[in-house]
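Each chain, written out:
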Amino acid sequence: MKNNVYDYIKITPSERQKAYQEMGFNAMISYGLNTFTGDEWGNGKVSLDVFNPTCQDTDQWIKALKVAGAKGVILTCKHHDGFCLWPTKTTEYSVKNTPYKKGNGDVVKEVSDSCQKFGLKFGIYLSPWDRNSEYYGTPKYNDFYMEQLTELLTNYGEIFCVWLDGACGSYMDGKPAQKYDFPRIYETIRKLQPNACISNCGPDVRWVGNEGGFARESEWNVVPSVQFNTQDIADKSQQDDDGSKMQISDPSKEDLGSRKVLSNYNEFIWYPAEVDVSIRPGWYYHKNQDSKIRSLKNLMNIYFTSVGGNSLLLLNVPPNKNGLYSPQDVDRLKEMGEILNKIFADPVSVKDVDADEFENGFDAINCTNQDDTCYAPKAENDVYTVSLKFVEPKTIDKVVLKEQCDFSQRVERFSLFATLNGTQTKIYDGTIIGYKKIALFDEIKADGVVLKITECRSTPYLEQFIAYEKTVEIPKYSKIEIFVIKLNKKFKDFSTRQWIKRQEKIKKKLGTK
């Protein structure tokens, strides 16, 4: 199809998408009957008597997540087993019929109140699949689900995100997959919580395609509108309770938004990716995983490739049977927050900025400010150059770049050069920038740094170009470790493709879709 770059750069984010992307790093809390049974996918038949946390402290959860740097929290208000963490009127399979607080507990309210107390935004996860509801698989289920959604959207204050899971293994219960009324779901969310983003099976934020913490090297916000297809999302989501099969790279193509890909389509949307991953092998707490928490190095790698690669990070941290975060998780979250604070503690002071002639009101100095002003060159060129001159030489090891996405995502390729006494040394080659690009490189002494944008969709709108001093050794993988990770990833990709084929055969045999 015949397109030009102006077809792409006219696509920009909504206000709710902008607010969500600025948050960068959020957390998920997986908690419920599975916490006490040791399951990942409950069957909807577990006795409610098992839910009896003796020391539940949602303040502890939220404080630990805030220390790590999370800006928002999404609670699994109802997982696939149908158990509701609030005293819903729609079903008896809820916290109101458990020993917890003698049936007077409301975990959703407790988490919501703790978020408000510590300044984090609150979001909800409400599984469309429900293994307990007698209505699942019938038209009446959509009314049932809408009642639950309405309760959550009207009784717990402002909601910043509604996370809709595409995972479904209804064939295991001998049932066809429910046909969800997604248009009605979206309409209700927009009406009751207009600022809430709808993630995963939703129009605002897309699933990156795996649960292993893998992000694409070049993640585009502007993608073909066909990427928002709830049936396709569900087909690629988890189909059974073996979560290890989702710990792999995206089953879809690596390139979703280059000019080459977009040229095959004529309708486009702003649809940023979210990397959802658990701090443990499972999404729910299992005592035998206390020694298997992700290392700080691993979490930092995920952070820099997601938040630092124009994606969003959603880190799951599950409470234990006592209703507390285990000490191992709390310690790791603290380490994560402390090192992120140290890494970005010292932005280098700049005395001069040199760049191509700027558009009126878009001075080059704007990109050194941490606000939403930006630099934009006046004319289109083959290469755009911006040079920072430091107040004094510093040892640097990272640069943060941001585009002003009110003007879409434009930069396709760039390079960074450190300068010292008139000599330039290349320190980084990159592709996309988008909402945030954190460029890491070996430490180098410099009296300035130069950005050269070599491929761009019309003129760039650069919101941030900030170099940071080296303040601490950044935990990151060696070249050998990266090679091993890629090799393991390829093996898991192949294994998962075989698994998907087997699942398709099983569902076909059972006559389900």
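From a predicted model like this one, the values you see are computed outputs, not experimental measurements.

Draft legend 1. Expanded view of the overall build of the chain. Secondary structure summary: the chain contains twelve helices and 16 strands in total. Considering the chain as a whole, with its 513 residues, one finds that 57% of them fall into the buried category. Residue pairs at least 24 apart in sequence account for 79% of intrachain contacts in the chain once pairs closer than 6 positions are excluded. For the chain, the computed accessible surface area is about 22,100 Å², with 49% contributed by carbon and sulfur atoms.

Draft legend 2. Here's a closer look at the pairing of strand β3 (residues 121–126). Along β3, five of the six residues are buried, which leaves the element largely enclosed by surrounding structure. Where the polypeptide runs from strand β2 (residues 72–78) across helix α5 (residues 107–118) and back to β3, its parallel neighbour, the crossover connection is right-handed. Here β3 runs beside strand β4 (residues 161–164); their pairing, made up of two bridges, is parallel. Looking at the pairing, Tyr-125 lines up with Trp-163 of β4. With helix α6 (residues 140–155) bridging β3 and its parallel neighbour β4, the resulting β-α-β unit is right-handed.

Draft legend 3. Spotlight on the packing of aromatic side chains. As enumerated under the stated definition, the model contains 29 aromatic pairs in all. With centroids separated by 6.0 Å and ring planes inclined at 85 degrees, the aromatic side chains of Phe-51 and Tyr-100 adopt a geometry described as edge-to-face. Residue Phe-51 is found in the loop between α3 (33–37) and α4 (58–68), and its partner Tyr-100 is found in the loop between β2 and α5; the two are separated by 49 residues along the sequence. Just as Phe-51 is buried, Tyr-100 falls in that class too. Ring geometry for Phe-407 against Tyr-461: centres 3.9 Å apart, planes inclined by 10 degrees, an arrangement best described as stacked. Remark: Tyr-461 occurs in the loop between β15 (437–456) and β16 (462–469) and Phe-407 occurs in the loop between β12 (384–403) and β13 (411–420); sequence separation between them is 54 residues. By relative accessible area, Phe-407 is classed as partly exposed at 26%.

Draft legend 4. Inspection of the pattern of salt bridges at higher detail. For the structure on display, the rule yields 28 salt bridges. Between Lys-96 and Glu-92 there is a salt bridge, and its shortest N-O distance comes to 3.6 Å. Judged by relative accessible area, Lys-96 falls into the partly exposed class, the value being 23%. Linked by salt bridges that have partners in common, Arg-280, Lys-287, Asp-290 and Asp-329 make up one network.

Draft legend 5. Spatial organisation of helix α7 (residues 182–192). Within the span of α7, buried status applies to Phe-182, Ile-185, Tyr-186, Thr-188 and Ile-189. End-on view of α7: buried residues confined to an arc of 160 degrees, all on one side of the axis. For α7, exposure combined with an orientation more than 90 degrees from the buried face picks out Pro-183, Glu-187 and Lys-191.

Draft legend 6. View of the pairing of strand β9 (residues 273–278). Among the six residues in β9, six count as buried, and that is most of the element. Both faces of β9 are covered, namely the face carrying Ala-273, Val-275 and Val-277 and the face carrying Glu-274, Asp-276 and Ser-278. Alignment of strand β6 (residues 206–207) against β9, held across two bridges, turns out to be parallel. Opposite Trp-207, over in β9, you have Glu-274 as the bridge partner. Here β9 pairs with strand β10 (residues 312–316) via five bridges, running parallel. Pairing of Val-275 across the sheet is with Leu-313, part of β10.

The rules behind these values
- Residues numbered from 1 in each chain as written.
- Predicted model: local features only at pLDDT ≥ 70, side-chain atom pairs only at ≥ 80, totals over all residues.
- Heavy atoms only, no water.
- Helix = DSSP H or I, 4+ residues; strand = E, 2+ residues; numbered from the N terminus.
- Buried < 20%, exposed > 50% of the residue type's maximum accessible area, 1.4 Å probe, protein only.
- Contact = heavy atoms within 4.5 Å.
- Areas by Shrake-Rupley, 256 points an atom, 1.4 Å probe, with all protein chains shown as cover.
- Right-handed = clockwise from strand over helix to strand, strands pointing away.
- Pairing = 2+ DSSP bridges.
- Phe/Tyr/Trp six-rings, centres within 6.5 Å; stacked < 30°, edge-to-face > 60°.
- Salt bridge = Lys/Arg side-chain N within 4 Å of Asp/Glu carboxyl O.
- Arc of directions from axis to C-beta.

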